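Report on the structure
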Amino acid sequence: MSCVVESFDPATCSTKCTVGAAVLTLMLAFSGCGNRTAGTPRAEPWFVDATRQAGLTFTHFNGMSGDFLYPEIMPPGVALLDYDNDGDLDIFVIQGRMLGKRSVSDALFPPGAALRARLFRNDLAIDDRGTRTLRFTDVTETSRIDARGYGMGAATGDFNNDGCVDLYVTNLGANQLFRNNCDGTFTDVTKPSHTESPGWSVSAAFVDYDRDGWLDLFVGHYLNYSIEANIRCFGLAGGRDYCPPHVYKPQPSTLYRNNRDGTFTDVTAAAGMAAEFGPTLGVATADFNNDGWIDIYIANDGQPNQLWINQRDGRFTNTALFAGAALGAEGEAKSSMGVDAADFDNDGDDDLIITELTGQGVDLYVNNGSAVFEEQSARAGLRLPTLPFTGFGAAWLDVDNDGWLDVLMVNGAVTQNVEAAARHETFALQQRKQLFRNTGRGRFEEAAERGGAVLQQPEVSRGAAFGDIDNDGDIDVVVGNASGPLRLLVNHVGQARHWVGLRLVGAETRRDMLGARVAVARADGSTLWRRARADGSYASANDPRVLAGLGDSATPPTIRVQWPDGRTEEWRGVAIDRYTTLEEGTGK
Amino acid sequence: MIARQVLAALLLAAIAGCGPSRPPRDLLHQVSLPDLARATDRVQAQLRAQYASLTEKRQTPATPPAELATAFGEMGRLFMAAEYRDAAEACLSNAQMLAPSDARWPYYLGHLHKARGDAVKSAAAFEQARALSPDDQATLVWLGNGRPEAAEPLFTHALSRDPRSVAALFGLGRAALARSDYTQAAQQLERALSLDPRAAVLQYPLAMAYRGLGETDKADAHMRARGPGEIRPPDPLMLDLESLLESPVAYEVRGARALDERDWKRAAAFFRKGIELAPAEPSMHHKLGTALYMDGDAPAAAAEFEQALRLSPHFAKAHYSLGIMHGASGRTRPAIEHLTAAVRADPTYVEARLRLADVLRSSARTAAALSQYEQAAKLDPRLPDAPFGHAMALVDLRRYQEARDRLREGVSTFSDNLAFRHALIRLLAAAPDDRVRDGHEAMRMMQDLLAREPRRYDVDEMMAMTFAELGQFGEAMTWQRDAMAGAERAGLKDVARRMADTLSRYQRRQPCRTPWRDDDVNQR
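Keep in mind the model is a prediction, meaning the values are calculated, not measured. (Residues numbered from 1 in each chain as written. Chains lettered and ligands numbered in written order. Predicted model: local features only at pLDDT ≥ 70, side-chain atom pairs only at ≥ 80, totals over all residues. Heavy atoms only, no water.)

The next subject is the overall build of chain A. In terms of regular secondary structure, chain A is built from seven helices and 42 strands. A globule of 588 residues ought to have a C-alpha radius of gyration of about 25 Å, and chain A, at 24 Å, matches this closely. Seen along its three principal axes, the alpha-carbon backbone of chain A occupies a region of about 95 × 60 × 50 Å. When the 588 residues of chain A are sorted by exposure, 61% land in the buried category. Of the contacts made within chain A by residues no fewer than 6 positions apart, 59% connect residues no fewer than 24 positions apart. Split by element, the accessible area of chain A, about 20600 Å² in all, is 50% carbon and sulfur. Treating the 52 positive side-chain charges of chain A as one cloud and the 78 negative ones as another, the clouds have centres 2 Å apart. (Helix = DSSP H or I, 4+ residues; strand = E, 2+ residues; numbered from the N terminus. Rg over C-alpha atoms; globule rule 2.2 N^0.38 Å. Buried < 20%, exposed > 50% of the residue type's maximum accessible area, 1.4 Å probe, protein only. Contact = heavy atoms within 4.5 Å. Areas by Shrake-Rupley, 256 points an atom, 1.4 Å probe, with all protein chains shown as cover. Lys, Arg positive; Asp, Glu negative; His and termini not counted. Charge placed at Lys NZ, Arg CZ, Asp CG, Glu CD.)

Here you go:
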């Protein structure tokens, strides 16, 4: 006897087969069968794609011409900065150009506009009813930002303490420092400031490592690469592909000390950082050992990561290996790309999330308070769902303002999908984004559907900048896609809960005090620790303001600020559901 | 795809025992050849031949299910080797449906899903394989690696079947670490290390275990001994799959693995195969040359390096390798030519710059050597060779103050590198330049050195110099005699004889003014 399948009904998930003369109907539980109940309403997505409505028209050009040049797969970064000091975040996005001697006519995807990094001014409008309209205007020409190199990323910070945020652009080639003139324009001061840092840089961070009140600059360098010495790499079956990083040697990174006169000095060797380096892709600065001095964490691609602990005398010591923050759980150097530091478990110290290559899974380094870490991605439920993805930009953010930091990561592969390539899909590296909600018990759950359709859209995502772009009290995201459109993801869920927003500024300088730590003491006795920072993620610069979700608590919290110079001040009863500027010296 | 497999399995179960069964071909996944244009000719030929064989069997109704299963399975393996993963999955799933009791097919599916990063599907497939082959070591270990929450029973089972399984012990150690049972972790990992002392990859988790136990010295020692690598269980199925593909890159990968295992002959054999497929690929010739050189066949190695250059005259690595070979044989001029060409072709080639600097220095072209050392140090500040070579070149040029300054920087930057300390002590104790010598600093450094290093003839000699510089010639003579005795014991009679000249100076109450003996190539 045998059973011959006659039919299969996907609506009822049943199949009929005949056995001899008998007809059997088998009900089988297939994945996806019978799970949807008619009439179940869909909740509003947490993130919505607002790119087009906001007038953000930008497509990244990576110059690919079929030569599989390594730099093509690395940019672009993006930056959020309030360049005109009007209280809302503007957007700066990196652009590329043709590499080597090829002309634009050789490009596989010719650009539609002049190739130049772009500055978009935020013209946010809020009407009497509180309805927000986001609208961006391309002000690149009037800004006089002329960044025409092969751009990688950006860092932001007010290096000259004039109250206007400046911009540092990393490139394949010499970098550029643009000083904000406080009148809507910028001046390229790279040469007079001595911050060219030639080579191949991706991420950079402004950080006051010596606590003198002036922002210094760390520039992460990637690989020793030149078009002339480009190496051709192939897949196993013989098709051309992008090379892995180990075929090139890493380039030393640079620490510049701010001389307070518009110039910087390379102090890498003096700081003890010259003899150890790797191919740096991500940089995050935080006080990992809670001694009041900012440390620097470096994510290296394929080599051990570094945890530079500030020795408080101008020098740093790399403790990553013994701290358990250099390698994966099996002692392998992973392909670390993006990194962010924040207190996800609300125990008062900054932990680390690092994005990795397909097959490796993200790293979650949990800090014990003394800058000693334990990798807990599997225990936290992050490892398995991230294994299929290659992550780049990522950050800790309280998406729903419940007081627990969630994590969002943007993904995109770095080597060709052979079958997609066989179907002539050029640049077949697309992957979707991922959002993980913190359950508050040291675990995360992926919010795939709730996150919104925009997160499911597969793109070749690289940089991601996080900040409250519409000033409604929740964190939005701007994503840079390689050879793809700029993407604006607006958060629609966090505003439903109470929050407190803070801008921390210096006494005389009125600049954002990057590195300041904030304790938000809630009415229930719990304390949230947050940090004013622009660095982290990948090749990108974030909103330097602090936004802390208060959940359902409507009680104005007490805020305690540890300024970068070590002093502490307190403000009681800080207003909720709005932004408050806290100026150094005005607290108790 | 899983749904279809479940349906098929249930149907097959339902009809079991009902008489002779027909293979459920209607449920088989469609398999077609993808566009192979990007694959090499040989790989295309392999795939087409295998596909033709599969097609023939499919189109023959009388083909037994087991034979059809094997045909799909072999097609799937080849697709998998060539990274056509969707097609591989379809084939291997068909093979599994047709031969549900053959553990190979779910095993390969487990690896396929693992390669995609899909841990859930990978574990499910390995579980299916385990159900069919419960004691298979490789299945147990890979399943354990992919399911940390349920790993320990799997590794324990693997260990029960093979008490010497390093992979199982490694897995148990890592599982214990994950739950912070540092004592158990250390025990398991130490056992693994005792079975395979060369497995440097064991050192890091062992260091973490000792860190957790508060045994920082042990943690430190293991951390220093850590290294890259992979611990794989004996895995004949995957080894076989990895040998399937006949592409230059596949042979290059096999050859590189053999080089890592120090199996030079096997490596050479793989690279030769690669060259058969890609005779115009210079890197393949270079790799073959490297394997031949390591196997002791220098002339054959040189021939391959030359061939690489004929194919690509600016191939930096081939120039470098030839430069090294010529330098080792004392042929300075061609060594310099090739190393210069390497640096010209790739200005970031640090190793080439360093070796060029060394050769220039040894052939008394010291000024040119200085420039190369400087550039090498800028390119990679991690390497002590560049600043050390730079300092020694300055000594050659009698620029002792600059040499001293470079050595001081080196002591600070490379605190664990004793060569900088030795050299600095010699300069401080015996440099011909009054402005450089500092007997007290030399003595402080010697005291520190003796706390770190055992006494040897060269260390004793340095101490003698230092005492002499401080005017303590009695002590100087004592240490110099010890140095000479040490050199004699080491069989260095010539060295001992030359040391006697210095002893004579001390006897005449004259300090030493030659920091290095002419024969002291090891120290400079």
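Structure shown, so let's carry the discussion forward.
In this section: the confidence of the model for chain A. Chain-level pLDDT for chain A is 91 on average; 93% of the residues reach the 70-or-more range. Confidence over residues 1-41 of chain A falls short of pLDDT 50; this stretch has 63 contacts with residues more than four positions distant or in other chains. (pLDDT = per-residue confidence, 0-100.)

Attention now moves to the pattern of salt bridges. When their charged atoms lie close together, side chains carrying opposite charge are able to pair. Per the stated rule, a full pass over the model turns up 79 salt bridges over all chains. R423 of chain A serves as the salt-bridge partner of E425 of chain A, at 2.9 Å between the closest nitrogen and oxygen. E425 of chain A sits in the partly exposed class, given a relative accessible area of 35%. Note that D494 of chain B and R497 of chain B form a salt bridge whose closest N and O atoms lie 2.2 Å from each other. Taken together, the residues D494 of chain B and R497 of chain B, both in helix α28 (residues 493-507) and three residues apart, mark about one turn of the helix. Residues joined in a network through salt bridges with shared partners are D400, D402, R437, E445, R450, R497 and D552 of chain A. (Salt bridge = Lys/Arg side-chain N within 4 Å of Asp/Glu carboxyl O.)

Every contact between the two is made by 59 residues of chain B and, on the other side, 54 residues of chain A. Taking both partners together, chain B and chain A bury about 4500 Å²; carbon and sulfur atoms supply 59% of that area. Counting across the interface, chain B meets chain A through two salt bridges. For K249 of chain A, the salt bridge is made with E351 of chain B, and the minimal N-O distance between the two is 2.6 Å. Linking chain B with chain A are 16 residue pairs in polar contact (both at pLDDT 80 or more), by the criterion used here. Elements represented by at least two residues in the side of chain B that touches chain A include exactly α1 (2-15), α4 (85-98), α5 (104-116), α9 (166-178), α11 (203-213), α12 (216-224), α14 (248-260) and α21 (366-379) of chain B. Along the lines of polarity and charge, the residues of the side of chain B that touches chain A split into 32 nonpolar, eight polar and 19 charged. (Buried area = accessible area lost by both parts, 1.4 Å probe. Polar contact = N/O pair within 3.5 Å; in protein donor to acceptor, adjacent residues only side chain to side chain. Nonpolar A, V, L, I, M, F, W, Y, C, P; charged D, E, K, R; others polar.)

With that settled, the discussion passes to the side chain of R517 of chain B. Tracing the chain through its elements places R517 of chain B in the segment after α28. Only 2.8 Å separates the side chain of R517 of chain B from the side chain of E461 of chain B, close enough to count as a polar contact.

Time to look at the side chain of R533 of chain A. Residue and element names in this part refer to chain A. By secondary structure assignment, the location of R533 is in the loop between β38 (527-531) and β39 (546-551). A distance of 2.8 Å separates the side chain of R533 from the side chain of D340, its partner in a polar contact. Here the side chain of R533 touches D535 through a polar contact of 3.2 Å, landing on its backbone oxygen. With near-sequence residues (within four places) excluded, R533 lies in contact with D340, A395, W396, L514, N542, D543 and P544.

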